[in-house]
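The lines below spell out each chain.
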Amino acid sequence: MSETLGFIGLGAMGLGMAGNLARELKNQEATATLARKELYVYNRTTLKAQALTSNQDLNIQLAASPAELAAACSIICLMLADDVACDSVLQQLQQCNLRGKVIINHSTITSEFAMAAVAKLRDAGCAYLAAPVWGR
């Protein structure tokens, strides 16, 4: 089964992470008999996303909103600034049908926020993994 991936948050850390992910998807596509894989990205300021989406070698689609990204993707990665930013995005994602989807949060968040997110998303039928990058 082919999974469609999404990445929300293209700041200092997220831009590099999403770029590496897109290159890895392209490498997997070239070395295997896999269907073309797409990476959807979203950032509040689209200018930051253009560095990725302008590269025609990589199959990166710019989503207009977190909800649009969630509708297209089965696995959604987050790399946001803090609890407040994550809460805002998760509220937008929860407007979609998240049943069967996986959200991997790489943001530096508090354990309290992570536990609350687990409970909310479990009720929506969505798996949630807090996998923070400690880059500060």
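Residue positions are given per chain, counted from 1 along the sequence in the order it is written. It should be noted that, the model being predicted, local features are given only for residues of pLDDT at least 70 and side-chain atom pairs only at 80 or more, the latter also being counted only at that level, while totals for whole chains, interfaces and linings use all residues. Side-chain metrics in this entry use all non-hydrogen atoms of the structure; hydrogen atoms and water are not considered.

J.: Explain the pattern of salt bridges to me, please; I cannot follow it from the model alone.
T.: Should their charged atoms come close, side chains of opposite charge can pair. One speaks of a salt bridge when a side-chain nitrogen belonging to Lys or Arg is within 4 Å of a carboxyl oxygen belonging to Asp or Glu. Going through the model one piece at a time under the given rule, you end up with 1 salt bridge. For D87, the salt bridge is made with K120, and the minimal N-O distance between the two is 4.0 Å. With D87 in helix α4 (residues 83-93) and K120 in helix α5 (residues 111-123), this pair connects stretches of sequence that are 33 residues apart. Partly exposed describes any residue whose relative accessible area lies between the buried limit of under 20% and the exposed limit of over 50%, with all areas from a 1.4 Å probe on protein chains only and scaled to the type maximum. Judged by relative accessible area, D87 falls into the partly exposed class, the value being 25%. A run of DSSP states H or I qualifies as a helix once it reaches four residues; a run of E qualifies as a strand once it reaches two. Both are numbered from the N-terminal end.

J.: Explain the side chain of S74 here, please?
T.: Relative to the assigned elements, S74 resides in the loop between α3 (66-72) and β4 (75-78). Contacts are residue-level and defined by heavy atoms, with any inter-residue pair within 4.5 Å sufficient. Ignoring any residue separated from it by four or fewer positions in sequence, one finds S74 in contact with E3, T4, K101 and V102.

J.: Looking at this structure, I do not really get the environment of G100. What am I missing?
T.: Tracing the backbone through its elements, the reader meets G100 in the loop between α4 and β5 (102-105). The class of G100 is exposed, set by a relative accessible area of 62%. For G100 and N43, which are 57 residues apart along the polypeptide, the C-alpha to C-alpha distance reads 24 Å.

J.: It is not clear to me how the packing of α4 against α5 should be interpreted in this structure. Could you clarify?
T.: Two quantities define a packed helix pair, namely the angle between the helix axes and the distance between the axes. At a closest axis distance of 11 Å, the pairing of α4 and α5 adopts a crossing angle of 10°. In terms of their interaxial angle, α4 and α5 are classed as roughly parallel. Along the contact surface, α4 presents D83, C86, D87 and L90, while α5 presents F113, A117, K120 and L121. Its residues placed into classes, the contact of α4 with α5 shows 5 nonpolar, no polar and 3 charged. Note on geometry: axes are C-alpha line fits, over the in-contact stretch for helices, and angles between N-to-C directions span 0 to 180 degrees. Oblique is the label for any angle not covered by the other classes, which are roughly parallel (under 35 degrees), roughly antiparallel (over 145) and roughly perpendicular (65 to 115). Three residue categories are used. Nonpolar comprises Ala, Val, Leu, Ile, Met, Phe, Trp, Tyr, Cys and Pro, charged comprises Asp, Glu, Lys and Arg, and polar comprises the others, including Gly.

J.: Would you take a moment to explain the side chain of N59 for this structure?
T.: By the secondary structure assignment, N59 is in the loop between α2 (46-53) and β3 (60-62). For this analysis, a polar contact is any N or O atom pair within 3.5 Å, provided that within protein one partner can donate a hydrogen and the other can accept it, and provided that sequence-adjacent residues contribute only side-chain to side-chain pairs. There is a polar contact of 3.2 Å between the side chain of N59 and the side chain of Q61.

J.: Help me out: how do you make sense of the sheet that holds β4 in this one?
T.: In any sheet, the strands associate via hydrogen bonds between backbone groups, in a parallel or an antiparallel arrangement. Paired strands are those between which DSSP finds at least two bridges. Spatially, the 6 strands line up as an open sheet ordered β3-β2-β1-β4-β5-β6, and their pairing is parallel. Across the chains shown, the open sheet's two edge strands, defined by having one partner strand only, are β3 and β6 (127-130). If you compare each strand with its neighbour and ignore which way they point, the axes differ by 20° on average. As paired elements, β4 and β5 share 4 bridges and run parallel to each other.

J.: Would you mind going over the nonpolar core with me for this structure?
T.: One recurring pattern in soluble globular proteins is that nonpolar side chains are buried together. Counting 24 residues, the largest nonpolar core has I8, L78, L93 and I103 as the members making the most contacts within it. For this core, the secondary-structure elements that each account for two or more residues are β2 (39-42), α3, β4, α4 and α5. Apart from the residues lying within four places of it in its own chain, the contact partners of I8 are Y42, P66, L69, I76, C77, L78, M79, L80, V89 and L93. As used in this record, nonpolar core signifies buried Ala, Val, Leu, Ile, Met, Phe, Trp, Tyr and Cys residues forming a set joined through side-chain atoms within 4.5 Å. L25, I75, C77 and I104 belong to the second-largest nonpolar core, a separate cluster that totals 16 residues.

J.: Any chance you could explain the pairing of β5 here in plain terms?
T.: Both faces of the sheet carry side chains from a regular strand, because those side chains alternate between them. Orient the strands so they point away from the viewer, and a crossover whose first-strand-to-second-strand path over the helix runs clockwise is right-handed. Each parallel crossover has a hand, and for β4 linked through α4 to β5 it is right-handed. As paired strands, β5 and β6 are joined by 4 bridges and run parallel to one another. Each bridged residue has a counterpart across the sheet, and for I104 the counterpart in β6 is L129.

J.: Mind showing me how you'd approach the pairing of β2 here?
T.: Side chains L39 and V41 project from β2 onto one buried face, and the interleaved Y40 and Y42 project onto a second face that is buried too. Judged from the 4 bridges that link them, strand β1 (residues 5-8) and β2 form a sheet pairing that is parallel. Among the inter-strand pairings, L5 is bridged to a residue of β2, identified as L39. Sheet topology note: the β2/β3 ladder contains 3 bridges and is parallel. Directly across from L39, in β3, lies its bridge partner I60.

Treat this as a map of the structure, not an account of what it does.
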